[in-house]
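Residue-level structure breakdown
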Amino acid sequence: MSDYYVANPNRVFTYMDGKKWAVFDCISNTSWCIDTSLHSLLLYFSTPMDAESIVKTLNHITKLDISKCSNYFSSLVRQNYLVQYDLLAHRRKGFFRAPMITLKELIEANSAKPKIAFIGMPYDHGASVKTGSRDAPNYLREASNTVFSLCTNESAIDLSIYDLGNIKSMCGANSQKKMFGYLKNIIKILTTSHILPFVIGGDHSISYASISGILDSVKELGIIQFDAHSDCYSKKKVLSFEDLYHGNFMNFFVTNEKVKDIQQIGLRRYANDPPCSKKIHVWYDDEIINHIDCFLSSLNPDIPYYITIDVDVLSPSTIVSTGTPLPGGLSYRELNTLINSILSCVHIKGTDVVELIPGHNNEGQIISGVILNYLMNHPNNTIGSGVSGDK
């Protein structure tokens, strides 16, 4: 990303007469005079601009040729009339205070570190029982900032983390198709650009768009689903997009030839939820922790995987604010242990967290802790260490 500059905010200008302005530098505690033409010029740069745009603006105002305008710009910088502006730091309002950034800026950003991009998907029209998860992306942004801040701890994670903001929420006819289409295309662009997407829902139907975007850019894929339910609830043999909701999104992938393996973790035995395909391996909530080695050995190391985390996989004693909670489930520490084991075992192409409904105690901080644990234990993060903690 290009460097940005802005008129020095630590300099105060006071009008003297028709030709002069007094300048007071609040840092050096010095003052001097400049002519009106320079003051008028600096007014153009009261908002941040990149160096190329500043030179073009100088060319437009002064009518000097580009080379002289470039020298003029350098002179203004040397004299501290223009100072470098950290545009990303100014926009650090994303997850864990990561910079908010556009997709174009993200693709063009130079980084020696692997990139991870958060995307909010404020959609819950696919929920069948209780809505509200559409508010989770913004809620978790706020909550995550109380758990960890990249502003003060950036050296703790050897990854370049960005936040693309939310897919624009829509209502009315075709709103689902439009929102899902946008998300699918963004995921495909990120994946083909070797950027890891991390999507925050929203109800579980949004995973259909995320996984579809991954499938458009890979030859084969496995899916690891943390969930209290199988989300294969459909009696139809052939499903159309209009049939999609959070309880059947997995049905769309069991017949997809690119999907080679589906691992479902945390299902409750009493839910009467048998596998709907031979591709599916079910690990119930009361058995998975005692059989982690068996689970890991069942993964295919030759294919990438997508991780989708429905927060109802956790025990209601940990997370109760979700659409369809069930008794039983994993603890906070067990979930983090499983995620860490997966990250060390197979290549991950993308991840999502879904079905959190904001508003109960510190559940935003709990889920933020799960996400932070994921970042800290990502194999490309050579600095961080596990933060699974006890809950």
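Everything discussed here concerns the structure shown above.
Attention here is on the structure that accompanies the text. Predicted model only: the values in this text are computed from it and were never measured. (Residues numbered from 1 in each chain as written. Predicted model: local features only at pLDDT ≥ 70, side-chain atom pairs only at ≥ 80, totals over all residues. Heavy atoms only, no water.)

Each helix and strand in the protein chain was counted, giving 13 helices and 14 strands. Expressed as a percentage of the 391 residues in the protein chain, the buried residues total 53%. Considering only residue pairs separated by 6 or more positions, the protein chain has 70% of its internal contacts joining residues 24 or more positions apart. Of the accessible surface of the protein chain, which amounts to about 17,800 Å², a share of 51% is contributed by carbon and sulfur atoms. (Helix = DSSP H or I, 4+ residues; strand = E, 2+ residues; numbered from the N terminus. Buried < 20%, exposed > 50% of the residue type's maximum accessible area, 1.4 Å probe, protein only. Contact = heavy atoms within 4.5 Å. Areas by Shrake-Rupley, 256 points an atom, 1.4 Å probe, with all protein chains shown as cover.)

Right, let's get into the packing of helix 12 (residues 332-343) against helix 13 (residues 363-376). To characterise two packed helices, one gives the angle between the axes of the helices and the distance between these axes. Across the interface, helix 12 lies against helix 13 with an axial gap of 9 Å and an inter-helix angle of 20°. With respect to each other, helix 12 and helix 13 are oriented roughly parallel. Helix 13 is crossed by helix 12, and the crossing has right-handed handedness. Residues Y332, L335, N336, I339, N340 and L343 of helix 12 lie in contact with helix 13, whose contacting residues are I366, G369, V370, N373 and Y374. (Axes fitted to C-alpha atoms, helices over the stretch in contact; angles between N-to-C directions. Parallel < 35°, antiparallel > 145°, perpendicular 65-115°, else oblique. Left-handed = near helix turned anticlockwise from the far one by under 90°.)

The strand order across the open sheet formed by 3 strands is 5-1-6, and the pairing between neighbours is antiparallel. If you trace the sheet from one side to the other, it starts and ends with strand 5 (49-50) and strand 6 (82-85), each paired once. Bridging between strand 1 (residues 4-7) and strand 6 involves 4 bridges; their strand directions are antiparallel. Counterpart to Y4 in the pairing with strand 6 is Y85. (Pairing = 2+ DSSP bridges.)

This part covers the sheet that holds strand 2 (residues 11-15). Pairing between the strands of a sheet comes from backbone hydrogen bonds, and it takes one of two forms, parallel or antiparallel. Strand order in the open sheet formed by 3 strands is 2-3-4, and the pairing between neighbours is antiparallel. The two strands at the open ends of the sheet, each matched to only one other strand, are strand 2 and strand 4 (30-35). Each strand of the sheet is rotated relative to its neighbour by a mean of 30°, with strand direction disregarded. Against the sheet, helix 1 (residues 36-43) makes contact with strand 2, strand 3 (20-25) and strand 4, and its axis sits at roughly 95° relative to strand 4, the strand it touches most.

With that settled, the discussion passes to unusual backbone geometry. The residue after G201, namely G202, is reached through a cis peptide bond having omega 15°. Looking at the secondary structure, you find G202 in the loop between strand 9 (196-201) and helix 9 (206-215). The backbone of R97 sits at a positive phi, close to 60°, despite the residue not being glycine. Position of R97 relative to the elements: it lies in the loop between helix 4 (87-90) and helix 5 (103-108).

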